[in-house]
Every structure is written in structure tokens, then in C-alpha cells.
Amino acid sequence: MRRAFLMTSAAALAMSATMAMAEGETVGFSQIGSESGWRAAETTLTRQQAEERGIQLQFSDAQQRQENQIAAIRSFIAQGVDAILLAPVVATGWDSVLEEAKEAEIPVVLLDRKVDSSEDLYLTAVGSDLVHEGEVAGQWLADQVAGKECRIVELQGTTGSSPAIDRKTGFETAIASHDNLEIVRSQTGDFTRAQGKEVMESFLQAENGGKDICALYAHNDDMAVGAIQAIKEAGLKPGEDILVVSIDAVPDIFQAMAAGEANATVELTPNMAGPAFDALAAYWADGTEPPKFIQTESKLYTAADDPQGEYDRRKDLGY
């Protein structure tokens, strides 16, 4: 633990060291918020991982506001925590506060999102290859429509966030060589179910009641689930009249797949904390520097992959 010891006797120092080891390390966690089921699961699993490892977790919910995250990080620095976990709401605007953490010799680990800052300002980033996720979704759709003309509407994530930027880039890269695929409307749904439904309603109204839409690509499952509701309310069959592909692999999208109302999802594991704490443990032990990016596994799931079984396996993970 990082503490200022004022005791001078060897016995006092030994006692303090023993107490510090017993108490474990303290880690501050600045979470974006709870905009999605996936985000809630990440928070739950981070708490579980911390408890299992004897780490004291100081948690801060930023409610999707960067200024709240910056304030939380500065509070963690003032408290003298041993490390900081940061799931950044957007990619830019972090240099100053990350420099403050570096000056305080507090390692920062990024979870599931990256920042546009120098790599020497954080210890490592744990996450999926977000561009690859978008590519997998786009390639699935290209294969599914098999050359038929397909007008796509896109629900983007939070504007300026790395998942929104990278998942869009990957999807566009995958469909670029397919002239039959075209994104005709694209708008942020802010990664929330409510906004996904609202924006999809506007897409349906603008596209002949949805009859001119072939497929929906959503940057996360929660927006897709909201959009599925809008499609049903418009009198169309999601999964049939409008194909639905999204990213995260949360339980509710598997329920939708089991009901035939969604077609594919690309997994983003919510257990970012396990690899993060492993990296921190090695760093604390002997200063071992982890790679700057620790990639987690992603997988495409379709209706052929036992969606009801996947729902049952995931439903108690905190989503």
C-alpha cells in the first residue's frame, strides 16, 4: 500500500507492513455508468474479481460523463490508491489527469476502451479488438444476404467513444467490397435500449415504414433489443423482415435470437478485470511491465449456437 509512515522503530515498521499486507491493495475503478446490461455485468465481475483477490475496490459511477470520471480519478489520486481502473466514456481529453496519475506513481489500466493519449501514461489496456468485432458483424451480413441488395441502418454507440468509432470502422471495412450493401442511415443510440428504440422508430418512419430496410447493425445488443421492440411495434418481424446483427452477447440478445427476432451477435466478454488484476499483480510484485494491449476473446454467435442455452449460462452473471 502507498502510505506515509511516520513510525521510526523497526517493530513499528514491521507491524505497519503486516497490516498493509492484510488489508490488501486498494484500486479505484472509474466506471462509465450502467448504460447497458453488458456494462452492469462488467461492474459485477470487477467487484467479484476484486473480492476474490483481497483487493479493496473504490468504485465510482460516472453516469456517462467524462467530467465525473476525471473528478473521480483525481479523488483516487488524492486518496493514494495503488492503481486505477478506467473504462473511459470517450477517447479524448485524458492527458492531464493521466499525467497526474503518472506523477503520483499510480498505474492506470484501461478497461474495454482505449484513449487517444501517449501509451506511457497508462500501464496497459484490456479489451477486445473493436475493429475486428465490426468486421465480423459486417462479414456475417455480407455472407447472409449472398449478393442481394441490402439497405442497412446503423445504431452507433456513444459519439466519440472508441467502441463507436472502431465498430463502425470495422463494419464499413467488411462491407466496402460488397456493392450490394449500403448503410443508408446512421445515428447514435448512445448504447442504451431506450435510445435504440427511439432512433429505430425514426429510421422506420424514414424508410417506408421499414419496408426499405434490409438489416440493422447495432454497436451493442442493448440498442438492438430496443430496436427490435420498435420493429415489432411497426408491424414487421425482426430477424425476418429486418435482419439484426449486433455486438456484446448479453443474455437478452440470446433470448431474442431464440425467439427468431435477432440473427447474430459478436461476443465482448465482460470479464476485463481478471486480466487487469493479473497484470497489476505482476507489476506490484516485481515491476513487470505488461504488453500495452491485452486482447480478450471475441466470438460470433448465431441462431445455430444454442441461444437459449447461452442465455441460461449468462443470465446470472450480473447483466
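Data block above holds the structure.
So, here is what we can say about the structure in this document. Being a predicted model, the structure only gives us computed values, none of them experimental.

## Here we look at empty space enclosed by the protein
- For the structure on display, the rule yields one cavity of 30 Å³ or more.
- Of the voids in this model, the largest cavity is the one considered here, and its volume is about 90 Å³.
- The set of elements that each furnish at least two residues to the lining of the largest cavity consists of helix 2 (37–52) and helix 6 (162–175).
- When the residues that make up the lining of the largest cavity are grouped by side-chain class, the tally is five nonpolar, two polar and six charged.

## Observations concerning the packing of helix 5 (residues 130–145) against helix 6
- Packing of helix 5 against helix 6 brings their axes to within 6 Å, and their N-to-C directions diverge by 40°. Classed by the angle they form, the pair helix 5 and helix 6 counts as oblique. As for how helix 5 packs across helix 6, the hand of that crossing is right-handed. Between helix 5 and helix 6, the contacting residues are Leu130, Val131, Glu133, Gly134, Glu135, Ala137, Gly138, Gln139 and Leu141 on the first element and Ser162, Pro163, Asp166, Arg167, Gly170, Phe171, Thr173, Ala174 and Ile175 on the second.
- When the residues that make up the contact of helix 5 with helix 6 are grouped by side-chain class, the tally is eight nonpolar, six polar and four charged.

## Section: the nonpolar core
- Counting residues in hydrophobic clusters, the biggest one holds 72 residues, and the most contacted among them are Leu85, Trp94, Leu111, Met200 and Phe277.
- When neighbours within four sequence positions are excluded, methionine 200 is seen to be in contact with Val153, Leu155, Ile213, Leu216, Ala227, Ala230, Ile231 and Ile242.
- In this structure, Ile152, Tyr217, Ala264 and Val266 belong to the second largest nonpolar core, which totals 19 residues.

## Thoughts on the environment of glutamine 187
- Within the element layout of this structure, glutamine 187 appears in strand 7 (residues 181–188).
- For the pair glutamine 187 and glutamine 156, spaced 31 residues apart in sequence, the C-alpha to C-alpha distance is 5.6 Å.
- Contacts of glutamine 187, omitting those with residues within four sequence positions, involve Glu154, Leu155, Gln156, Val199, Ser202 and Phe203.

## Thoughts on the state of the cysteines
- All told, the structure shown has one disulfide when counted by the stated rule.
- Residue cysteine 150 pairs covalently with cysteine 214 via a disulfide, S to S 2.1 Å. An S-S torsion of about -90° defines the bridge between cysteine 150 and cysteine 214 as left-handed. Separated by 64 residues along the polypeptide, cysteine 150 in strand 6 (residues 150–156) and cysteine 214 in the loop between helix 7 (193–206) and strand 8 (215–218) bring together distant segments of the chain. Summarising the burial analysis for this pair, cysteine 150 and cysteine 214 share the class buried.

## Observations concerning a negative patch on the surface
- A cluster of acidic residues, Asp95, Glu99, Glu103 and Asp116, forms a negative patch at the surface.
- Residue classification places aspartate 116 among the exposed residues on the basis of a relative accessible area of 55%.

What counts and how
Residues numbered from 1 in each chain as written. Predicted model: local features only at pLDDT ≥ 70, side-chain atom pairs only at ≥ 80, totals over all residues. Heavy atoms only, no water. 1 Å grid on protein atoms, 1.4 Å probe; cavity = no way out; pocket = protein on both sides within 12 Å on 5 of 7 lines; lining within 4 Å. Points joined across faces, edges and corners; volume = space filled by probe spheres on them. Helix = DSSP H or I, 4+ residues; strand = E, 2+ residues; numbered from the N terminus. Nonpolar A, V, L, I, M, F, W, Y, C, P; charged D, E, K, R; others polar. Axes fitted to C-alpha atoms, helices over the stretch in contact; angles between N-to-C directions. Parallel < 35°, antiparallel > 145°, perpendicular 65-115°, else oblique. Left-handed = near helix turned anticlockwise from the far one by under 90°. Contact = heavy atoms within 4.5 Å. Core = buried A, V, L, I, M, F, W, Y, C linked by side-chain atoms within 4.5 Å. Buried < 20%, exposed > 50% of the residue type's maximum accessible area, 1.4 Å probe, protein only. Disulfide = S-S within 2.5 Å. Patch = residues over 30% accessible without salt bridge, like charges linked within 9 Å, V, L, I, M, F, W, Y side chains within 5 Å. Areas by Shrake-Rupley, 256 points an atom, 1.4 Å probe, with all protein chains shown as cover. Salt bridge = Lys/Arg side-chain N within 4 Å of Asp/Glu carboxyl O. Lys, Arg positive; Asp, Glu negative; His and termini not counted. Charge placed at Lys NZ, Arg CZ, Asp CG, Glu CD.

By themselves, these figures tell us nothing about what the structure is for.
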